[in-house]
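Listed below, chain by chain, are the residues.
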Amino acid sequence: MAQSTTSAYLRESVIRYLEICENLGQREMLLSPETVEALQKFQPQADETNPVSSRVSASMQRQPSLAIRADEKAQDARDVSSVSMESRKLDGLSKAAGLEVIRQEILSNRRLPELFRRAQNMVFGTGNTDARIMFIGEAPGADEDRWGEPFVGAAGKLLDKMIAAMGLERKDVYICNVVKYRPDMPEGSRGNRKPTPEELAQCRPYVMQQIAVIRPEVIVGLGATALEGLLDQPRVSITRLRGSWRELDGIPLMPTFHPAYLLHNDSISEKRKVWEDLLQVMEKTGMPISEKQLRFFKNKG
């Protein structure tokens, strides 16, 4: 592809992203002073022989109402989380585009770096955007923070086995957490801690938007903290809730134990409970259930 054509496509991609932001109601975009200066100097010339270049030039001349300003330290920070994301309209966008808009909203939320000062990466979500089943955990751990992907540590390996037992693969489902950064631990300490109510509240709008975009047939809530974030309720008892259907924005929600719980409570009886919950999920989604799957724990324990 010629350099001029490549530049045109890049310009078109930038314009498309700005139009998406504008359609979602965003009226400002924070950029570095150097980037603002470069954009102000940029005046594309239409190439009548190149339809992409011509359309890009026309688009640039429309002067959309989206204001671009420099992100100067002297300016007050705008807390993006104070804007209810549930009111944002993602209609007309592909699922991939909608998820990317949510990702950018998380990255532009200035409150989150203040809450999660030690986090290395934002952990957004992964999997099939057309998934029928969505697994949602509580917060990234050390491995997830390192790699920027949910459920890649020991608990993630167990979750993969649970998914495989259902006759699925990781690529068939969508996996994310209610909290998008690893909660800070004291320097030098190991392990993970439960997210605070504020951390849950700051991140809840984003996971709700992910659910709205994916629109799975069933949500599996992994652990008490995930349920607290999803249901917006404090002090949820996963022991009492697991195995009983709930509803979240019209979508059936199955609470069950977090894989990390099974790693620390390696008993057949607890594993059987989780498997019974997953069998309900399979039944709810109309998945075939074999005799072997039905009898998986019958002769154990």
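Above this note sits the structure.
These figures come from a predicted structure and were not determined experimentally.

### A short note on helix 8 (residues 197–214)
Inference 1: In this model helix 8 runs 25 Å from its N-terminal to its C-terminal C-alpha over 18 residues, within 8% of the 26 Å that 1.5 Å per residue would give.
Inference 2: Bending of helix 8 peaks at approximately 40° at the position of cysteine 203, with proline proline 205 no more than four residues after it.
Inference 3: Counted residue by residue, helix 8 has 14 buried out of 18 residues, so it is predominantly covered.

### With respect to the nonpolar core
Inference 1: Residues Ile133, Phe135, Ile136, Met166 and Ile211 are the most contacted members of the largest nonpolar core, which totals 60 residues.
Inference 2: Here this core gets 8 residues from one element, more than from any other, and that element is helix 8.
Inference 3: Those residues within four positions of isoleucine 133 in sequence are excluded, and the remaining contacts are Met166, Leu168, Val173, Tyr174, Pro216, Val218, Val220, Val281, Thr285 and Met287.

### What to know about the layout of surface pockets
Inference 1: As a volume, the second largest pocket reaches approximately 570 Å³.
Inference 2: Around the second largest pocket, the lining is made up of 24 residues, and of these Gly141, Ala155, Asn192, His258 and Ala260 lie nearest the centre.
Inference 3: At the level of secondary structure, the elements contributing two or more residues to the lining of the second largest pocket comprise helix 6 (142–147), helix 7 (154–165) and helix 11 (259–264).
Inference 4: A total of 4 residues in the lining of the second largest pocket trace back to one element, the largest contributor, which is helix 11.
Inference 5: Broken down by class, the residue content of the lining of the second largest pocket amounts to 10 nonpolar, 8 polar and 6 charged.

### Things to note about the packing of aromatic side chains
Inference 1: According to the stated counting rule, one finds 3 aromatic pairs in the structure shown.
Inference 2: Each ring, one from phenylalanine 116 and one from tyrosine 181, has its centre 5.6 Å from the other, and the planes form 20°; the classification is stacked. Placement of phenylalanine 116 in the loop between helix 5 (111–115) and strand 3 (126–127) and of tyrosine 181 in the loop between strand 5 (174–177) and helix 8 is noted, with a sequence separation of 65 residues between them. With respect to class, phenylalanine 116 is no different from tyrosine 181; both count as buried.
Inference 3: Relative to phenylalanine 296, the ring of tryptophan 275 lies with its centre 5.4 Å away and its plane at 45°, an arrangement referred to as tilted. Residue tryptophan 275 is located in helix 12 (residues 268–284), and its partner phenylalanine 296 is located in the segment after helix 13 (291–294); the two are separated by 21 residues in the primary sequence.
Inference 4: Note on tryptophan 275: relative accessible area 6%, which makes it buried.
Inference 5: The cationic tip of lysine 180 hangs over the ring face of phenylalanine 124; the distance from NZ or CZ to the ring centre is 5.9 Å.
Inference 6: Sitting over the face of the ring of tryptophan 245, lysine 284 holds its NZ or CZ atom 4.7 Å from the ring centroid.

### A closer look at the packing of helix 8 against helix 9 (residues 224–231)
Inference 1: Close contact between helix 8 and helix 9 brings their axes to 9 Å; oriented N to C, the two are set at 80°. Taken together, helix 8 and helix 9 sit at an angle that is classed as roughly perpendicular. Contacts between helix 8 and helix 9 involve Leu200, Arg204, Val207, Met208 and Ile211 from the former and Thr225, Glu228, Gly229, Leu230 and Leu231 from the latter.
Inference 2: Taken together, the residues of the contact of helix 8 with helix 9 sort by class into 6 nonpolar, 2 polar and 2 charged.

### Some details on the sheet that holds strand 8 (residues 251–256)
Think of a sheet as strands paired side by side through backbone hydrogen bonds, with each pair either parallel or antiparallel.
Inference 1: Spatial ordering of the open sheet is given by 3-5-4-6-8-7, a layout of 6 strands whose pairing is mixed. Both edges of this open sheet fall to strand 3 and strand 7 (246–248), since each of them pairs with a single strand only.
Inference 2: Summarising the sheet, strand 7 and strand 8 pair through 3 bridges and their orientation is antiparallel. Of the residues in strand 8, the one forming a bridge with arginine 246 is leucine 253.
Inference 3: The sheet contacts of helix 12 involve strand 4 (133–137), strand 6 (218–222) and strand 8, and relative to strand 8 the element is tilted by about 165°.

### A few points about helix 4 (residues 95–108)
Inference 1: If you check helix 4, its first and last C-alpha atoms are 20 Å apart, about what 14 residues at 1.5 Å a residue would give, namely 20 Å.
Inference 2: Listed as buried for helix 4 are Gly98, Leu99, Val101, Ile102, Glu105 and Ile106. Seen end-on, helix 4 carries its buried residues on one side only, within an arc spanning 155°.

Conventions we followed
- Residues numbered from 1 in each chain as written.
- Predicted model: local features only at pLDDT ≥ 70, side-chain atom pairs only at ≥ 80, totals over all residues.
- Heavy atoms only, no water.
- Helix = DSSP H or I, 4+ residues; strand = E, 2+ residues; numbered from the N terminus.
- Expected span 1.5 Å × (residues − 1).
- Bend = angle between axes of the 7 residues up to and from the residue.
- Buried < 20%, exposed > 50% of the residue type's maximum accessible area, 1.4 Å probe, protein only.
- Core = buried A, V, L, I, M, F, W, Y, C linked by side-chain atoms within 4.5 Å.
- Contact = heavy atoms within 4.5 Å.
- 1 Å grid on protein atoms, 1.4 Å probe; cavity = no way out; pocket = protein on both sides within 12 Å on 5 of 7 lines; lining within 4 Å.
- Points joined across faces, edges and corners; volume = space filled by probe spheres on them.
- Nonpolar A, V, L, I, M, F, W, Y, C, P; charged D, E, K, R; others polar.
- Phe/Tyr/Trp six-rings, centres within 6.5 Å; stacked < 30°, edge-to-face > 60°.
- Lys NZ or Arg CZ within 6 Å of the ring centre and 35° of its normal.
- Axes fitted to C-alpha atoms, helices over the stretch in contact; angles between N-to-C directions.
- Parallel < 35°, antiparallel > 145°, perpendicular 65-115°, else oblique.
- Pairing = 2+ DSSP bridges.
- Arc of directions from axis to C-beta.

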